[in-house]
Amino acid sequence: MSELNELSEKLNGIKEEIRSELGKLESSKSVFEYRKKIFDSKTGMVGSLMREMGRIPNEMKAEYGKRVNEVKAWAQGVFEEMDEKFKAQEMRLKYESEKIDVTMPAKKPAMGYLHPNTLIREQIVDIFGSMGFDIYEGTEIETDHYNFTALNTPDDHPARDMQDTFYLSDKFLLRTQTSAGQIHVMEAKKPPIKIISPGKVFRSDDDATHSPMFSQMEGLVVDKGITLCDLKGMLDEFVKKIFGEGTSTRLRPSYFPFTEPSVEVDVSCFQCHGKGCKLCKGTGWIEVLGAGVVNKKVLEGCGIDSDIYSGFAFGIGIERIAMLKYGINNIKLLFESDMRVLEQIRE
């Protein structure tokens with residue numbers, strides 16, 4: 001009988017402890033962990049009572065097991081109730097956190113923008129395409145012959161020096177100008193010729209306005225009766241479409257081995273309209289490209305009769321045009337892909 005009295009005290013103590021601990025539980029997970037602590041067959045308070053069945057006299061075992069099972073059933077009921085309560089609460093919180101207000105405005109996806117170089121390249125291609133120019137894209141690795149010799153560049157010309165050109169071997173190099181493309185075209189095609197040749201070029205030069213790699217677009221026209229006047233008329237039309245109506249060009253004497261005469265081409269300042277400003281350094285003019293009449297030696301070297309045909313060529317720096325048009329003062333900004341820069345340039 002003493003065993004049953006002792007059991008009653010233990011069972012009452014277990015109930016009191018469970019009631020006390022229930023107020024401290026905060027989630028279905030904590031209910032699961034505490035439930036395991038109570039019913040574990042080895043360490044649990046209820047589970048350990050069942051192991052003591054062996055020392056209970058046979059005539060009391062039925063009553064002993066009955067009382068233990070009653071507490072066990074009571075505890076299971078309490079835990080199930082608490083578990084359902086917490087799970088319902090957790091489900092409500094989950095629904096609240098995942099709730100979507102269909103009346104709220106949708107989030108606008110971030111839009112991408114074309115790179116300034118791409119914008120300018122496409123504009124230039126469209127402009128010259130409307131004038132009837134075809135596109136020729138050469139290779140970035142050229143031979144010394146096409147990059148220099150065929151363009152009438154003497155062996156002792158400074159452009160051949162190692163500090164200006166990236167040589168891959170005695171014969172091959174990274175092209176320093178897209179002008180090499182005009183030689184390939186004139187060798188493969190007889191006049192009339194009207195092409196632009198865009199692409200990357202490489203020079204050992206690096207500062208705020210120069211990059212070791214940049215984009216250039218060569219233009220070439222070869223036909224009967226082509227003069228410097230044709231070049232100026234075409235460039236005037238080009239700058240109007242790039243920089244706006246009212247923009248004009250002026251030609252200044254210069255020197256390039258593959259053109260004679262050669263000119264530097266300035267554009268009237270599209271910001272101050274000739275009055276003088278920071279962009280044009282107070283002169284009213286901005287240098288934009290180099291050009292000239294194709295040297296007769298270059299034509300003859302490609303098998304074209306210079307007594308019948310003449311032509312003009314020009315080279316446009318795409319980064320140069322982009323920097324002027326969009327007010328970019330450091331060429332490196334065009335290569336760093338800074339979204340703060342790119343987002344300001346939209347067309």
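**A few points about the overall build of the protein**
Secondary structure assignment for the protein yields 11 helices and 9 strands. When contacts within the protein are restricted to residue pairs at least 6 apart in sequence, long-range pairs at least 24 apart make up 65% of them. By element, 53% of the accessible surface of the protein is carried by carbon and sulfur atoms, the whole surface being about 19700 Å².

**Comments concerning the sheet that holds strand 1 (residues 134-135)**
Taken in spatial order, the 7 strands make up an open sheet running 1-4-5-9-8-7-6, and their pairing is mixed. This sheet does not close on itself; its edge strands, each paired only once, are strand 1 and strand 6 (249-256). Here strand 7 (residues 259-268) runs beside strand 8 (residues 285-294); their pairing, made up of 8 bridges, is antiparallel. Within the sheet, the bridge partner assigned to Asp266 lies in strand 8 and is Glu287. Across the sheet, helix 8 (residues 228-243) touches strand 6, strand 7, strand 8 and strand 9 (310-317), and the angle it forms with strand 6 is around 120°. Across the sheet, helix 10 (residues 318-326) is in contact with strand 5 (213-223), strand 8 and strand 9; its angle to strand 8 comes to roughly 155°.

**Quick notes on a negative patch on the surface**
On the surface, a cluster of negative charge is made up of Asp161, Asp164, Asp205 and Asp207. By the secondary structure assignment, Asp164 is in the loop between helix 6 (144-147) and strand 3 (172-174). What makes Asp164 partly exposed here is its relative accessible area of 31%.

**Some thoughts on the pairing of strand 4 (residues 193-202)**
Judged by how many residues are buried, strand 4 sits mostly within the fold: 8 of 10 residues are covered. Pairing geometry for strand 1 and strand 4, over 2 bridges, is parallel. Following the sheet pairing, Ile135 is matched in strand 4 by Ile196. Bridge count between strand 4 and strand 5: 10 bridges; the pairing is antiparallel.

**Comments concerning the packing of helix 5 (residues 116-130) against helix 10**
Taken N-terminus to C-terminus, the directions of helix 5 and helix 10 make an angle of 105°; their axes are 9 Å apart at the nearest point. Here helix 5 is positioned roughly perpendicular relative to helix 10, judged by the angle of their axes. Of the residues in helix 10, those touching helix 5 at Pro116, Asn117, Leu119, Ile120, Arg121, Gln123 and Ile124 are Ile318, Glu319, Ile321, Ala322, Lys325 and Tyr326. By residue class, the composition of the contact of helix 5 with helix 10 is 8 nonpolar, 2 polar and 3 charged.

**Here's the deal with the state of the cysteines**
Scanning all chains against the criterion turns up 0 disulfides. Here Cys269 stays unpaired: no disulfide links it, and the sulfur of Cys272, its closest cysteine neighbor, is 3.5 Å away. Looking at Cys277, it has no disulfide partner, and the nearest cysteine sulfur is the one in Cys269, 3.5 Å off. Its relative accessible area of 16% is what places Cys277 among the buried residues.

**Section: helix 8**
Given a rise of 1.5 Å per residue, 16 residues ought to cover 22 Å, and the 22 Å separating the end C-alpha atoms of helix 8 matches this to within 8%. Regarding helix 8, its N-cap is Thr227, as a side-chain oxygen of that residue lies 3.2 Å from the backbone nitrogen of Cys229 further along. Once helix 8 ends, the next one or two residues include Gly244, with phi positive near 115°.

**Re the side chain of Ser268**
If you trace the backbone, Ser268 turns up in strand 7. On the accessibility criterion, Ser268 (12% relative accessible area) is buried. Here Ser268 is in contact with Gly246, Thr247, Ser248, Gly284 and Trp285, once residues within four sequence places are set aside.

**Side note on the nonpolar core**
Counting 43 residues, the largest nonpolar core has Ile124, Phe128, Met234, Phe238, Leu289 and Phe314 as the members making the most contacts within it. At the level of elements, helix 5, strand 5, helix 8, strand 7, strand 8, strand 9 and helix 10 are the ones that each hand at least two residues to this core. In this structure, Ala150, Ala180, Leu299 and Ile304 belong to the second largest nonpolar core, which totals 19 residues.

**Here we look at the pairing of strand 6**
Two strands pair when backbone bridges link them, and strand 6 and strand 7 are joined in this way by 7 bridges, in the antiparallel orientation. Bridge pairing in strand 7 links Arg250 to Asp266. Here strand 6 hands over to strand 7 after 2 residues, the two strands then running antiparallel side by side.

**Here's the deal with a nonpolar patch on the surface**
Residues Ile141, Leu168 and Phe172 make up a contiguous nonpolar surface patch of roughly 270 Å² in combined accessible area. You can see Leu168 is positioned in the loop between helix 6 and strand 3.

**Notes on the packing of aromatic side chains**
Within this structure, the stated rule accounts for 6 aromatic pairs. An angle of 20° between the planes, with centres 5.2 Å apart, marks the rings of Phe128 and Phe238 as stacked. Here Phe238 lies in helix 8 and Phe128 lies in helix 5, a separation of 110 residues in the sequence. The residues Phe128 and Phe238 share a single accessibility class, namely buried. Between Phe243 and Phe270, the ring centres sit 4.4 Å apart and the planes meet at 5°, which makes this aromatic pair stacked. Taken together, the residues Phe243 in helix 8 and Phe270 in the loop between strand 7 and strand 8 connect sequence positions 27 residues apart.

Definitions and cut-offs
- Residues numbered from 1 in each chain as written.
- Predicted model: local features only at pLDDT ≥ 70, side-chain atom pairs only at ≥ 80, totals over all residues.
- Heavy atoms only, no water.
- Helix = DSSP H or I, 4+ residues; strand = E, 2+ residues; numbered from the N terminus.
- Contact = heavy atoms within 4.5 Å.
- Areas by Shrake-Rupley, 256 points an atom, 1.4 Å probe, with all protein chains shown as cover.
- Pairing = 2+ DSSP bridges.
- Axes fitted to C-alpha atoms, helices over the stretch in contact; angles between N-to-C directions.
- Patch = residues over 30% accessible without salt bridge, like charges linked within 9 Å, V, L, I, M, F, W, Y side chains within 5 Å.
- Salt bridge = Lys/Arg side-chain N within 4 Å of Asp/Glu carboxyl O.
- Lys, Arg positive; Asp, Glu negative; His and termini not counted.
- Charge placed at Lys NZ, Arg CZ, Asp CG, Glu CD.
- Buried < 20%, exposed > 50% of the residue type's maximum accessible area, 1.4 Å probe, protein only.
- Parallel < 35°, antiparallel > 145°, perpendicular 65-115°, else oblique.
- Nonpolar A, V, L, I, M, F, W, Y, C, P; charged D, E, K, R; others polar.
- Disulfide = S-S within 2.5 Å.
- Expected span 1.5 Å × (residues − 1).
- Polar contact = N/O pair within 3.5 Å; in protein donor to acceptor, adjacent residues only side chain to side chain.
- Core = buried A, V, L, I, M, F, W, Y, C linked by side-chain atoms within 4.5 Å.
- Phe/Tyr/Trp six-rings, centres within 6.5 Å; stacked < 30°, edge-to-face > 60°.

None of this, on its own, says anything about what the molecule does.
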